[in-house]
Amino acid sequence: MMWRIWSIVITILFAVSLPKQSAAQRKILKGIVKDRQSDEAIPFASVVFKISRQGTLTDSSGIFSFDYNGNAADTLFVTSVGYKPAALVIPFNKDSSFITVQMEVAPVSKEAVVKVKFNRALWFWKRIVQHKKEHDLTNYKNYSYEVYNKIEVDKNNINVTKLNNNKLLKPFNFILQNVDSSAEEKPFLPLFLTETISDFYFQRSPKIQKENIRASNTSGIDNPSVTKFLGSMYQNVNVYHNFIPVFDKEFISPFHDNGDNYYTYKLLDTQYMAKKRLIHFRFTPKRKGENTFDGDCWVHDSSYAIQKVTLRPSKDANINFVEDLTLIQEYRLIDDSTWFLGKDKFVVDLALLGKTMISFKGRKTTTYKNIITNNDSVAAVLATNKKAEEIHVLKNSELLPETFWDSSRHEELNKNELAIYKMIDTIQSMEAYKRYSSAVDFIATGYRNIGNYRIGPWQNWISANFHEGTRVRFDLGTNSKLNKKFFVHSYLAYGFSDQKFKGGGEVFYLPNKNPRLYLYLSYFKDLDNGQRYYDEVTSDNIFSLAIRKPNILRRFQSVAEKRFEVFKETPGGLSFLAAITSTQYYPVRNLPDISYFTKNITGDPLNNFETSLRLRYAYLENFVENSFYRTSLGSQYPIVELKYSKGWSGILRSSYNYQKLSTSISDYMKVPPFGNMYYNLFAGKIYGTLPFSLLEIHPGNNIYYYNKYAFNLMNRFDYMSDKYAGFIFEHNIGNGLFRYIPLTRKLKFRQFWQAKGVTGSLSNANKQMNFVGNQTFQTLNNKMYLEAGTGVDNIFKFFRIDLIWKVLPQPLPKEKSQRFGVFGSFRLSF
């Protein structure tokens, strides 16, 4: 009997202890699955142990959690459509901690094409296109939202050992504490972080936009003209549009109206989120070499609204410096039927000189809240606009305390981000950083600040030409540290062959930046051998020595000029430039001598006094400004100029009465998927009998560096007119025919073509005045001068070769003028 009792007791104890023993071996595995490049969570990925087959799917946030038997080590396999499988060994004694699994995107493989009568993915794509107008934000009557923008830049592939041993970087060793070198990721160094919070308003018809940037946290940037580009207006991507901007390129959207001509669509699976049935499908490019995306999309099955989309440029896309790029957009319901953009993320890996050299990772995260659609309150705010697009950086927006950011930013900063602000402030206060930064800036721009003054550009310190021989020059100017409204600059030059000093000075006064108003006063006496253009290598630049055309006639004149101008701009894009100029010209080499121009004048020969007024209209033109000057980023609309000039004899010994009228219209147009076009149409008329210096001298080019705004097979002073009209046209096609050749597609060569023409005439009176002595001036006599060209752009990502033909006028018998030329240039673009 006793043994039976003990048997029952033992059995009960064993039965009781068995579950406890078993439960002791049960563990919980939690974690998240992310995209290695974008750091974005991967939803609905399969997470399964190899041996036990225990596992689950990640949720819509990429997070997983499940019980598993921890008696022995096992390998966790993670799979998701479009990614390489990931494997992670989980030891049997692994604590119940949170793990991160990173997955790499799988290259697009060539799959067997199976022809079916019904492609369900293509059917869903067609429904998305049919319903684009319902879900495209720009089709709303109006809307507004609060937007939080965060931009981070990291240095990739940090070698901590090498940095520790680098003597030049030894003062900055403390920043290595911020290097993230966790086991799952390659080490990187957070370098830069900006945050902005703004209120954005949009109206469809008439199209009006406004953004008020009311908070900005931008260590290292003290420039409102840059800060305004960190907001929402210039960083919006709309996946419902036919083309999606990626840097300066336009990529074909997978939801283009004719997207099935460019993409193949494949259905993946179906899932439910928040009781909404979502369809998951993938899109891949049909052809190599086109600017298309590879990615996937989740679509609501009844409204056909996009819930989430992930875009990656195809591996053969013609874009420079980009190793990896991911664009992610998420939409959320703001009422029963309206899907509105809730978050977008842009992550890019840039390799300027290859992956192992200089490479960076940029991350932009944008979130939206307080969304209002089709409301009169939005219209009321936009009614105060003075122009169609306005961006206001509110006063003291950069001075808000950390307590404001803690309560206002849409998402918390992580450990790396929190350390960046302190690190940047510390670095910028270091003398070593100031020295290195100044040296890099000096090499790149040519200028260097020394206290309240600025020297440079160094490219002009030494040069040479046929008249002056070796020429030296030194410039000295003030900077904003001395005065924020006045800029004073002067230079002195000396030629060792002509043994003469040259020089000049200028004063620039900027009382108001927006709308812009300035006064300018200058005097200089120096050589002038032709016009000046934005992209030209000037004659006193040291780099021009190696690229001059041989065996051409070099013409020089000396100019002494006094000039005063006033510039005023209106908020609508119309600007006025009024100028008064007094100029004395002195021909010095291969030009008619001044003695030929002494007849029938009341003042000094080649002395001129002129007043002029220029009207310029550039609608919604954007600029980046420094302390005094600004650089145009162009406009989406044509830019129109009209200039009237009047010459007055008898003032300051001037000798000429005349009138000049000129006009131009130019535009830079993107024409995706066929690249971009630039055109400039110009014309002018001069009323009066004038010496060559005051006529229209058509722009030529005396060097082999290609000039966008000149006729490159024409030499300077070759042709002149008093009535003229012309055009410049250039079409940059992109990879064009090069995409069909594997080698040129891999090298990312780009194709272009161009044409430039001008026709003009010269009155008999002006011919009699200027065609004197042994001059070789020419006039077109109402005939067309025409150049046409093509070439190869993006050679080694930096260089361009132009092949130029002179088409008209037809050559005369025994004419030796140049009919063909090869020109080179350097340019930096994505």
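Owing to the predicted nature of the structure, the values given are computational and were not obtained by experimental measurement. Counting restarts for each chain, with residues numbered from 1 along the sequence as it is written. Only residues with pLDDT of at least 70 get local features here, since the model is predicted, and only at 80 or more are side-chain atom pairs given and counted; chain-wide, interface and lining totals rely on the full set of residues. To obtain the side-chain values, all non-hydrogen atoms of the structure were used and water was disregarded.

Regarding the pattern of salt bridges
Part 1 of the argument: Salt bridge, as used here: a side-chain nitrogen of Lys or Arg that lies within 4 Å of a carboxyl oxygen of Asp or Glu. If you walk through the whole model with that rule in mind, you get 38 salt bridges.
Part 2 of the argument: Residue Lys 502 pairs with Glu 468 through a salt bridge whose shortest N-O separation is 2.7 Å. Highlighted residues: Lys 502 in strand β26 (residues 500–513) and Glu 468 in the loop between β23 (462–465) and β24 (469–478), separated in sequence by 34 residues.
Part 3 of the argument: A simple rule labels every residue: compare its accessible area, found with a 1.4 Å probe on the protein chains alone, to the largest value its type can have, and call it buried under 20%, exposed over 50%, or partly exposed in between. Here Lys 502 falls in the buried class, since its relative accessible area comes to 8%.
Part 4 of the argument: Through salt bridges with shared partners, a single ionic network connects Glu 468, Arg 471, Asp 498, Lys 502 and Asp 526. Helix numbers and strand numbers start at the N terminus; a helix is a DSSP run of H or I with at least 4 residues, a strand a run of E with at least 2.

Thoughts on the pairing of β26
Part 1 of the argument: Here 10 bridges tie strand β25 (residues 486–495) to β26, and the two strands are oriented antiparallel to one another. Bridging across to β26, Leu 492 finds its partner in Gly 503.
Part 2 of the argument: A pair of strands is labelled paired if DSSP reports no fewer than 2 bridges between them. Linking two consecutive strands that pair antiparallel, namely β25 and β26, is a turn of four residues; a positive phi of about 55 degrees is found at Gln 499 within it.
Part 3 of the argument: In the sheet, β26 pairs with strand β27 (residues 516–528) via nine bridges, with the strands oriented antiparallel. Its bridge partner being in β27, Lys 513 is matched across the sheet by Arg 516.

Observations regarding the pairing of strand β28 (residues 556–569)
Successive side chains on a regular strand alternate, one facing one side of the sheet and the next facing the other.
Part 1 of the argument: Relative to β28, β27 runs antiparallel, the two sharing 12 bridges. Residue pairing across strands places Tyr 518 opposite Phe 567, the latter belonging to β28.
Part 2 of the argument: Examined bridge by bridge, β28 and strand β29 (residues 574–589) share 14 bridges and lie antiparallel to one another. For Lys 568, the partnering residue across the bridge sits in β29 and is Phe 576.
Part 3 of the argument: The hairpin formed by β28 and β29 contains four residues between the paired strands, and Gly 573 there has a positive phi angle of roughly 100 degrees.

Here's the deal with the environment of Ile 427
Part 1 of the argument: One can find Ile 427 in helix α8 (residues 415–428).
Part 2 of the argument: Note: C-alpha distance between Ile 427 and Pro 171 (256 residues apart in sequence) is 9.6 Å.

Focus on the sheet that holds strand β2 (residues 46–49)
Part 1 of the argument: Across the sheet, which stays open at both edges, the four strands sit in the order β3-β2-β5-β6 with antiparallel pairing between neighbours. At either margin of the open sheet sits one strand with a lone partner, and together these are β3 (55–57) and β6 (86–90). For this sheet the average axis-to-axis angle between neighbouring strands, irrespective of direction, equals 15 degrees.
Part 2 of the argument: As judged from the three bridges shared by β2 and β3, these two strands associate in the antiparallel manner. The partner of Ser 46 across the bridge, within β3, is Leu 57. Geometry is summarised by axes, namely lines fitted to C-alpha atoms with helices restricted to the contacting stretch, and by angles between N-to-C directions that run from 0 to 180 degrees.

Remarks on the environment of Asn 320
Part 1 of the argument: Relative to the elements of secondary structure, Asn 320 occurs in the loop between β16 (306–313) and β17 (322–333).
Part 2 of the argument: Look at Asn 320 and you get buried, because its relative accessible area is 0%.
Part 3 of the argument: Between the C-alpha atoms of Asn 320 and Asn 794, which are 474 residues apart in sequence, the distance is 8.7 Å.
Part 4 of the argument: Should any heavy atoms of two residues lie within 4.5 Å, those residues are considered in contact. Look past the residues within four positions of Asn 320 in its chain and what remains in contact with it is Lys 748, Arg 750, Asn 794, Lys 797, Ser 829 and Phe 830.
Part 5 of the argument: Distance and chemistry together define a polar contact, namely a pair of N or O atoms within 3.5 Å, with one atom able to donate a hydrogen and the other to accept it when in protein, and with adjacent residues in sequence counting only for side-chain atoms on both sides. For Asn 320, the side chain forms a polar contact with the main-chain oxygen of Ser 829, separated by 3.0 Å.

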